[in-house]
Amino acid sequence: MNFVLALVGRYIFSARGDRLFGFVTVFSVIGIAIGVAAISTVQAAQNGVISQTLAEARRGLPDITVRLERMNFDAEPSLAQFIASVPGIAEALPFVEGQAAVSFNGRTEPVLLRGIERAEIIDMINPRLTGNETQSPKWLVVLPGNLQEPLEVFVGQRVEVISADGASTGLGWLPRSRGFEVFGFHDQGGVTPTIFAPLAESQLYLRLKDKWTGFAVTLEPTARVDEIRAILTDGFAELGYTVALETWEDINVVQADVFRVMKRVMAIVLALIMVIAGFNILASQLMLVRDKRMSIAVFRSMGASRMQLILAFVTIGFVVALAGVTSGLVLTMALALAAEQTGLTIPLLYLGVDVAVIAGIAVVICFLATLYPAFRAASVDPAIALREA
């Protein structure tokens, strides 16, 4: 091992070393450093854009929606208490919902009517009235902001909410409708435009008295969706309920798959960039083997084994890779601090796991790039090399 370390120091740190090899080595270190920093920053930008896009799409939506299969829950407070007691769940609120349409001035738009606690609606639109819910209209509704222009409706005006569950009369089937006062507009995400109305009034309107359609579950920031899903499924099974749990990814499968494919494709492209940096190490190592062929033959004739030479050249490549990766990580932190201070419009979300994986891939690629030159050095025949010299 002492011989291997001495050989590594001789070839890397010797003042009389080949200047061209030194230049290529420095260039390799710079290339690896720039590659690690660039890949980490691009990955952070992609994470930030995806996170921002998901946040816009999921704004105001629950992390998990709990429903009974083909029926509704009985309005039992113990069910909400059970869900809220699960570690990792911040809040569990009951809701009712049904298909409907909003009509105003001859214009009609299909919507999903969701009934939630009146306090939630007040807090959503006018937090100053929290605790004074009696000051709000009894039959109020909050419309999506993107329906304000098509309906040409404003706060305080009365709209007709038409239920898909009508009644059969002597004149045929007639839809049910009721007037709701527009209390405000929301900008929550979701595929279907959703209007919000107080839970009690929505239960009456949708004919779901003493029933709940499901629960909107909000998780703690550190909670894992898959673990909570499994706990809720098992817990409701013990209570005799067969539930269906939906997350945003379950409802928007196509969008979720697009984001996953984007990350995978970008990871492959960025890995290819790091492969290019690995070729620099390969070239510098081959130059070193060619330039030091004579000294390698001398060491072999003095008793150095093939394995010692392989270890020496692999160590040289590893030192170069480690220097490049370390410099790249320092450069990545500098870029992160600069981005934080300048306030870029594109959010950068650096994840420790991503940076660690990138650094690991860089080291592995550089290690693989050293194997061929190392075996070339070990295969030098001392008799032939000395005769050719």
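Structure: see above.
Each chain carries its own residue numbering, running from 1 in the direction its sequence is written. Local features in this predicted model are restricted to residues whose pLDDT is 70 or higher, and side-chain atom pairs enter the listing and the counts only when it is 80 or higher, whereas totals over whole chains, interfaces and linings include all residues. The basis for every side-chain value is the complete set of heavy atoms in the structure, and neither hydrogens nor water enter the calculation.

Caption draft 1: View of the side chain of threonine 194. Here threonine 194 shows up in strand β8 (residues 194-198). Each residue is assigned to one of three classes by its accessible area relative to the maximum for its type, calculated with a 1.4 Å probe on protein chains only: buried under 20%, partly exposed between the two thresholds, exposed over 50%. Classification of threonine 194 by relative accessible area gives buried; the value is 15%. When checking whether two residues touch, look at their non-hydrogen atoms; a contact exists if any pair is within 4.5 Å. When residues no more than four places from it in sequence are discounted, the contact partners of threonine 194 are Leu112, Arg114, Val142, Pro144 and His186. In this description a helix means any DSSP run of H or I spanning at least four residues, a strand means any run of E spanning at least two, and both kinds are numbered starting from the N terminus.

Caption draft 2: Layout of the nonpolar core. Within the largest apolar cluster, 42 residues are counted, with the highest numbers of intra-cluster contacts made by Val66, Phe73, Leu232 and Phe236. In terms of residue count, the dominant contributor to this core is strand β3 (residues 89-104) (six residues). Discounting chain neighbours no more than four positions away, the residues touching phenylalanine 236 are Val66, Phe73, Leu79, Phe82, Ile83, Tyr241 and Val243. Only buried residues count toward a nonpolar core. Its members are Ala, Val, Leu, Ile, Met, Phe, Trp, Tyr and Cys residues joined through side-chain atoms within 4.5 Å. One finds Ile39, Ala277, Ala359 and Cys366 within the second-largest nonpolar core, a separate group that totals 17 residues.

Caption draft 3: Helix α9 (residues 253-291), seen in detail. The span you would expect from a helix comes to 1.5 Å times its residue count less one. Taking 1.5 Å per residue as the helical rise, α9 with its 39 residues ought to reach 57 Å, and the 57 Å between its terminal C-alpha atoms agrees with that figure. Along α9, the residues classified as buried are Ala256, Phe259, Leu270, Met274, Ala277, Gly278, Ile281, Ser284, Gln285, Leu288 and Val289.

Caption draft 4: Up close: a nonpolar patch on the surface. Patches here: salt-bridge-free residues with over 30% relative accessible area, like charges joined within 9 Å, nonpolar side chains (Val, Leu, Ile, Met, Phe, Trp, Tyr) joined within 5 Å. We get accessible surface area from the Shrake-Rupley algorithm with a probe of 1.4 Å; when it comes to residues, only the shown protein chains can shield them. Between Lys or Arg on one side and Asp or Glu on the other, a salt bridge is scored when a side-chain nitrogen of the former is within 4 Å of a carboxyl oxygen of the latter. Where nonpolar side chains cluster on the molecular surface, the patch consists of Val26, Ile30, Ile34, Leu331 and Leu335 and spans about 410 Å² of accessible area. Only α2 (19-57) and α11 (306-342) provide two or more residues apiece to the nonpolar patch. Relative to the helices and strands, isoleucine 30 is located in helix α2. Here isoleucine 30 falls in the partly exposed class, since its relative accessible area comes to 43%.

Caption draft 5: Expanded view of the packing of helix α3 (residues 77-84) against helix α7 (residues 225-238). Between the N-to-C directions of two axes lies an angle of 0 to 180 degrees, each axis being a line fitted to C-alpha atoms and, for a helix, fitted only over the stretch in contact. As a packed pair, α3 and α7 sit with axes 11 Å apart at the nearest point and diverge in direction by 145°. Helix-helix and strand crossings are classified by hand; for α3 and α7 the assignment is right-handed. The segment α3 lies against α7, with Leu79, Phe82 and Ile83 engaging Leu232, Gly235 and Phe236. When the residues that make up the contact of α3 with α7 are grouped by side-chain class, the tally is five nonpolar, one polar and no charged. Should the near helix be turned anticlockwise from the far one by less than a right angle, the crossing is left-handed, and should it be turned clockwise, the crossing is right-handed. Any residue outside Ala, Val, Leu, Ile, Met, Phe, Trp, Tyr, Cys, Pro, Asp, Glu, Lys and Arg is labelled polar, Gly included; the first ten of those are nonpolar and the last four are charged.

It is worth stressing that arrangement in space is one thing and function is another; only the former is reported here.
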